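Architecture and fold: a report
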Amino acid sequence: MNFAMNTLSYLAVIFVTVLGLLCLVAMYLYVVDRRQRVDAVRRNYPVIGRFRHLFSELGEFFRQYFFAMDREEMPFNRAQRDWIARAGQGKSNTIAFGSTRNTAVPGTPIFVNAPFPPLDDQYACSEPLEIGPTAQFPYQAPSFFNLSGMSYGALSRPAVRALSRGARDAGIWMNTGEGGLSAYHLEGGCDIVFQIGTAKYGVRDAEGNLCDTRLAEVAAHPTVRMFEIKLAQGAKPGKGGILPAEKVSAEIAEIRGIAEGTASISPNRHRDVGSFDELLNMAAHIRAVTGKPVGIKTVAGSEATLREMFACFAGRPDDVPDFIAIDGGEGGTGASPMPLMDLVGMSVREALPLTCDLRDEFGFKDRIRLISSGKLVNPGDVAWALAAGADFVTSARGFMFSLGCIQALKCNKNTCPTGITTHDPRFQKGLVVEEKYKRVSAYASSIVKEVETIAHSVGVSEPRQLRRRHVRIVQEGGRSRPMNEIQPSYKTVAQT
């Protein structure tokens, strides 16, 4: 009896000791996680957040036996997200044992390697490209890869601050999104594209009409380089922006020129733009007031509509937009009804070459620059877009991943665990600007570097020399065909 009691007492002491040690370790890890500034999930969820990293690491091994492979997640798979994470951290993006990509999937682009690519001393970097040659203040855009539109309001304050500083560090532009210009966009000192959405937030009067006084005030900022009239975006073609009421704080209401605590829902189109002629009127007016390049952002719906647009442009060549940003109908960062995100608008893979060909056919190749966006987050995506005819590529979700987005799919709520799309201070504290801006910059720089690597591998000295002949597109059955045969450029068609 005494032996049994002594054994139980001994075991109890061991249990209490072990439990105490575990509590001490947990307390230590709690303090460490709260104080570290790199991982937003661990900062917001001390100790527990470590399991996400552990499971991600172990997943590399367990996925061989039980779970989905790297390329099977949606809307962005693990391979895509891991590349961005490593790029943002400045780590090597080399891989071992061969590609995990199924290159037999129809639509997959394959780049045509050159037998004798340029030597190391024959490489070149892309030169700045002018946008808006007829504007009073044309813009010499330094980078072919830039930050797409995401509004302050949809994004948190620390997210906008980190993106602004990172964009300045990388030498790229930052699009404000339709939510107006905040002090946080200006803080980093990066080049800014001011987006004018259908509600004209930030440049509207009390009735919601375009206000020339406020427009001129925005243009007076030297870092505001261009203006973009948003007709549509990939997340919700045919419907305006949606910002839930709980995200409309007093500050955001002031920036946008709306009521605090009321859902911010934009009209589905500009009330004063009901035709392409009226669109040109607006573009010409904004360019006259601001003196800066003015473009449009849209989602392609059909070749007939695009052709009608360019035919209108041809009749008024002095008033045409300085750039056209083509977004893919496959959905974007914004909150959106599922039918619009899933089913409305052309994919950028179809729309971009078509828009490029029509622009060239109507004689605007050197006048109107093309900007492509729509799920283009990795080097191959960007290189494809340049080869298809884009002058520039922009990304929103790629930069969200660089900030630490874990694809929690809570962008339309106020509970983003990484602090990127929430105004809850509890979650925002996880996003430390001083750390995250470096990842934004490193991601942009890595994209540029690796797109240059692709360009060199196909035999050209810099990315803007990529052409459709440098890409093959996988067809049904697994065989590939040259892109210039599937979608011949207008110049090629005209010559034949």
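Structure first, text after, so check above.
This text gives an overview of the structure that appears in the document. Note that the structure is a prediction, hence the values are computed from the model and not measured.

Quick word on a nonpolar patch on the surface
On the surface, a nonpolar cluster with roughly 500 Å² of combined accessible area is contributed by Y10, L11, I14, V18 and L22. Relative to the helices and strands, V18 is located in helix α1 (residues 2-35). Residue V18 is classed as partly exposed on the basis of its relative accessible area of 42%.

Some remarks on the pattern of salt bridges
Close approach of charged atoms lets side chains of opposite charge pair. All told, the structure shown has 17 salt bridges when counted by the stated rule. Here R225 and D191 are joined by a salt bridge, their closest N and O atoms 3.0 Å apart. Here R225, found in strand β7 (residues 224-230), pairs with D191, found in strand β6 (residues 191-196); they are 34 residues apart in sequence, far enough to count as distant. Assessed through its relative accessible area of 16%, D191 is described here as buried. When the shortest N-O distance is used, the salt bridge between E361 and R307 registers 2.8 Å. Pair noted here: E361 is in helix α12 (residues 348-361) and R307 is in helix α10 (residues 303-315), with a separation of 54 residues, a long-range link. By relative accessible area, R307 is classed as partly exposed at 32%.

What about the sheet that holds strand β14 (residues 471-474)?
Taking strand neighbours across the sheet as the criterion, the three strands line up as β1-β14-β15 in an open arrangement whose pairing is antiparallel. Each of the sheet's edge strands pairs with one partner strand only, and the pair in question is β1 (109-111) and β15 (480-482). The sheet shows a mean angle of 35° between the axes of neighbouring strands, direction not considered. Relative to β15, β14 runs antiparallel, the two sharing three bridges. Its bridge partner being in β15, R472 is matched across the sheet by P482.

A short note on the packing of aromatic side chains
Inspection of the entire model under this criterion finds ten aromatic pairs. Pairing W173 with F392 gives two aromatic rings, centres 5.2 Å apart and planes at 50°, and the pair type is tilted. Of this pair, W173 sits in strand β5 (residues 173-175) while F392 sits in strand β13 (residues 392-395); the two residues are 219 residues apart in sequence, bridging distant segments of the chain. A residue is classified by how much of its surface remains accessible, and F392, at 0% relative accessible area, is buried. Geometrically, the ring pair formed by F310 and F313 is edge-to-face, given 5.6 Å between the ring centres and 75° between the ring planes. With F310 and F313 both in helix α10 and three residues apart, the pair spans about one turn of that helix. The exposure class of F313 is buried, given its relative accessible area of 0%. Among the aromatic residues, those joined into a cluster by ring pairs are W83, F145, F399 and Y443. One residue, R165, lies across the ring of Y437, its end atom 4.3 Å from the ring centre.

So, how was this worked out
Residues numbered from 1 in each chain as written. Predicted model: local features only at pLDDT ≥ 70, side-chain atom pairs only at ≥ 80, totals over all residues. Heavy atoms only, no water. Patch = residues over 30% accessible without salt bridge, like charges linked within 9 Å, V, L, I, M, F, W, Y side chains within 5 Å. Areas by Shrake-Rupley, 256 points an atom, 1.4 Å probe, with all protein chains shown as cover. Salt bridge = Lys/Arg side-chain N within 4 Å of Asp/Glu carboxyl O. Helix = DSSP H or I, 4+ residues; strand = E, 2+ residues; numbered from the N terminus. Buried < 20%, exposed > 50% of the residue type's maximum accessible area, 1.4 Å probe, protein only. Pairing = 2+ DSSP bridges. Axes fitted to C-alpha atoms, helices over the stretch in contact; angles between N-to-C directions. Phe/Tyr/Trp six-rings, centres within 6.5 Å; stacked < 30°, edge-to-face > 60°. Lys NZ or Arg CZ within 6 Å of the ring centre and 35° of its normal.

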